[in-house]
Structure formats: structure tokens, C-alpha cells
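Spelled out from the first residue to the last, the chains are:
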Amino acid sequence: MTPRQQMFAIAVSIVIVLLVFELVRRKRLREEYTWLWMLSAVTIFLITASRDLLMAITHLIGAVLPTTTVFLFGVLFLYLICLHYAVKMTTLSEQVKKLAQEHALLEAALRESMTGQRDKNGSE
Amino acid sequence: MKALIVMPARNEAQTIATVIAQLKALVPEADILVVNDASTDETARVAASAGAKVVTLPIHLGYGGAVQTGFKYAARKGYDVVVLMDADGQHDPACVPDLLKGLQDADVVLGSRFLGDCRYFIPFDRRVGMWLLRKIVRWVTGQSITDPTSGFQALRRQVVELLADDHYPVDFADADILILLHRVGFRIKEIPVVMHQRSHGISKYVPSYLRAAYYAFKMSLSILATLLRAAPKR
């Protein structure tokens, strides 16, 4: 891995951390969704900063070039992040469904009780 | 002075009737609101029979969401003062009058289990976490809060209105909220209270190193973000 590649990878991971943090600061992003982003940025930073670590992992996974390892980590993290979002979305869909149903039932109950009142008042 | 006691509850049918009865005896002038966080047991029915007002959430929001629901209720109904406490019997109702009295010269009164003679056991990893939070709160606010995660507190209406605003997500009674309130300029005070250990049921904090690490990460991020945002207006 050339020093230039290293510099670029390190710069990118720092930018990601700053960007994610700024989004949290502005309340555009919830803290609970950021841990995977931060973990991936930190991991990329670590493996590109330490040449020994990078080479060790490269040999471990059977890659030829160390840049492949960095690429692979990036892609793997993206998979994990997408999976994380899909899981969160499943919960959110369930919640939205429940809210919609409760809302409809509540509105019906309210309407029924109001017409019930009106009929009662009308018949007096 | 209209007071509302807010108790978030999820599956606390076993203990909630006792707590409500004790509160009615000790603080009869206060209204009691149980925020039922989508319990699967009889919590709502038991609480209503015991004489509390009940608000039932259609979906499970967790402690923070339930607490904020209670705050919204209090803000809309014009309560002057809110007492926040647990529904499981850990927080001793006898301390509620002391909390209310504390509001005479403060906007936020925190009940600390460590200030008095209370013997409360905390597992090691939580103790380390609390020590760290104490240090951070002290460094940022200059105040030494002994129990920064205490959910046993009394709040004035202005504080409640701030926390009820969706702009300020209330996660749980925690250090980042204290730092936020301090930045806005509210006066925070601590008094000793009695807390009992959990006699039954699962703790809100399931001990696990992963959960501790995640909590530490989330707290640090939240505190840092709170410090870097502009302080909200009162």
C-alpha cells in the first residue's frame, strides 16, 4: 500500500466520522444509528494506519493485494449497515401498521360516541 | 400548585397498585399518571382501579418515550410540577414530599440513592460507568451529581415543557439530559432518597459488556453533541 493510498484512506475515514457527528449534532441522525458507521470508519482507519495489521489480515483472508483488504472491509461494512437498516425498517413498519390501526379504531370509537351523544340529545 | 406524578410502566401489574396506594396516602394532593408502555399484562387496568390516570401507548417506545409522553400530558394539562418515578417499587414514595419541597430553590431536584444511608448494590460495570458519568458531569457543569442516572426526580413546569418538545429527545434520565438542562440555565439540586433493590422482574439494564460498550458510545456521542449545539432558550 503506497503512502498516498494510506493518506487517502485515513482522510476518508476521518471525514466520515466528522460528517456522521455533524449530522448527529444537527439532530438529522439519531445516535443509535451511528455505531456501525463509526465502527467501520474506525476499522478502516486502523487497518490503513498500521501496515503490519493490514498485512496480517491480508494473509489471513488469502488476498494478494493489501488494497483488496481495505476494499473488502468497506464492502462488508456496507452490507452490515444495510442489514442493520433492514432490521430497523422491519420494526418501524410494524409500528406504523399498529399506529394506523389504532388510529382508525380510535377515530371510529370517537365518531360512534359523538353520534351516540347527538342521538341522545336529539331524542330529548 | 398542581402536581403530577408520572410513572412509566411496562408490565408492572404486580407492584403498581401498592405504589399508587402509598402515593395516594402520602401525597393526596397530587394527581398520578401511569404511562402504560404497551404492557402485555394487566398494568393499565390495575392502575386505573387503584385510582391513577392512565395513558396507554399503542406501541412500545421504551422508558424515554414513555417519560416524554408523561411530560407532554403534564405540559398540555398545565401542571406546575412533575415528579418522575418508577412503577416497580424501587423508588420509595415516602421521598416524594422531600422532592417537591426541594423545588422551592431549584428547577430540577434529583433523588440520589447515594447521598443518604441507602444501601444500594450496583454491579461493578455499572459502577464504573456511573463514576465516569459523574466525572464528566462535574467537569462540564461544575456540579457534583452523585446519581446522574436517577429517574426519581421533581421538575418545574418550564423544565417539563422543554423536555416535552420533540426537538429535545429524552432518552432516559441521564447525564446528557442534565448537561442540556444545565446549559439552558436551570438550577439542579440533589437530595437523598431511598431506593430499594429489585425484588422481582428483569432489570431495565440487562448486564452485558456489549450493552455497556454501546451505552458508553451513545452517551459520549450525545454529550459531545449536546455541548456543541447552541443552548436552547428557556
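Note that this is a predicted model, so its numbers are computed, not measured.

Another aspect to go through is the overall build of chain B. Each helix and strand counted, chain B has eight helices and seven strands in total. For 234 residues, the compact-globule formula gives about 17 Å, and the C-alpha radius of gyration of chain B, at 17 Å, lands near that figure. With respect to the principal axes defined by its C-alpha atoms, chain B has extents near 45 × 40 × 40 Å. Within chain B, the fraction of its 234 residues that count as buried is 39%.

With that out of the way, let us pick up the overall build of chain A. Helix and strand counts for chain A stand at four helices and zero strands. Ordered by position from the N terminus, the helices and strands of chain A form the series α-α-α-α. The C-alpha atoms of chain A give 26 Å as radius of gyration, which overshoots the globular expectation for 124 residues (14 Å, by more than 25%). If you line up chain A on its principal axes, its C-alpha atoms span 90 × 30 × 15 Å. Here the contacts in chain A between residues at least 6 apart in sequence split such that 51% fall between residues at least 24 apart.

With that settled, the discussion passes to the environment of lysine 24 of chain B. Residue and element names in this part refer to chain B. Relative to the helices and strands, lysine 24 is located in helix α1 (residues 13-26). Classification of lysine 24 as partly exposed rests on a count of 16 C-beta atoms within 10 Å. As a C-alpha pair, lysine 24 and arginine 211 span 187 residues in sequence and 37 Å in three-dimensional space.

Chain A puts 10 residues into the contact, and the matching count from chain B is 10 residues. The set of elements that each furnish at least two residues to the side of chain A that touches chain B consists of α1 (3-25) and α4 (66-122) of chain A. By residue number, the principal contributor to the side of chain A that touches chain B is α4 of chain A, which donates four residues.

Glancing now at the packing of helix α5 (residues 124-141) of chain B against helix α7 (residues 175-184) of chain B. Residues and elements named next belong to chain B. The geometry of α5 relative to α7 is characterised by a closest axis approach of 10 Å and an angle of 10° between their N-to-C directions. Comparing their axes, α7 and α5 come out roughly parallel. Taken together, the residues of α7 that come into contact with α5 (itself represented by Leu133, Ile136, Val137, Val140 and Thr141) are Ala175, Leu178, Ile179 and His182. Tallied by class, residues from the contact of α5 with α7 come to seven nonpolar, two polar and no charged.

All names here are of chain B. Judged by pairing direction, the sheet is mixed, and its seven strands sit side by side in the order β3-β2-β1-β4-β6-β5-β7 without closing on themselves. Edge positions in the sheet fall to β3 (53-56) and β7 (188-192), since each has one partner strand and no second. Recorded for the sheet is a direction-independent mean angle of 20° between the axes of neighbouring strands.

Reading guide: rules and limits
- Residues numbered from 1 in each chain as written.
- Chains lettered and ligands numbered in written order.
- Predicted model: local features only at pLDDT ≥ 70, side-chain atom pairs only at ≥ 80, totals over all residues.
- Helix = DSSP H or I, 4+ residues; strand = E, 2+ residues; numbered from the N terminus.
- Rg over C-alpha atoms; globule rule 2.2 N^0.38 Å.
- Buried ≥ 20, exposed ≤ 12 C-beta atoms within 10 Å, placed from the backbone.
- Contact = placed C-beta atoms within 7 Å.
- Axes fitted to C-alpha atoms, helices over the stretch in contact; angles between N-to-C directions.
- Parallel < 35°, antiparallel > 145°, perpendicular 65-115°, else oblique.
- Nonpolar A, V, L, I, M, F, W, Y, C, P; charged D, E, K, R; others polar.
- Pairing = 2+ DSSP bridges.

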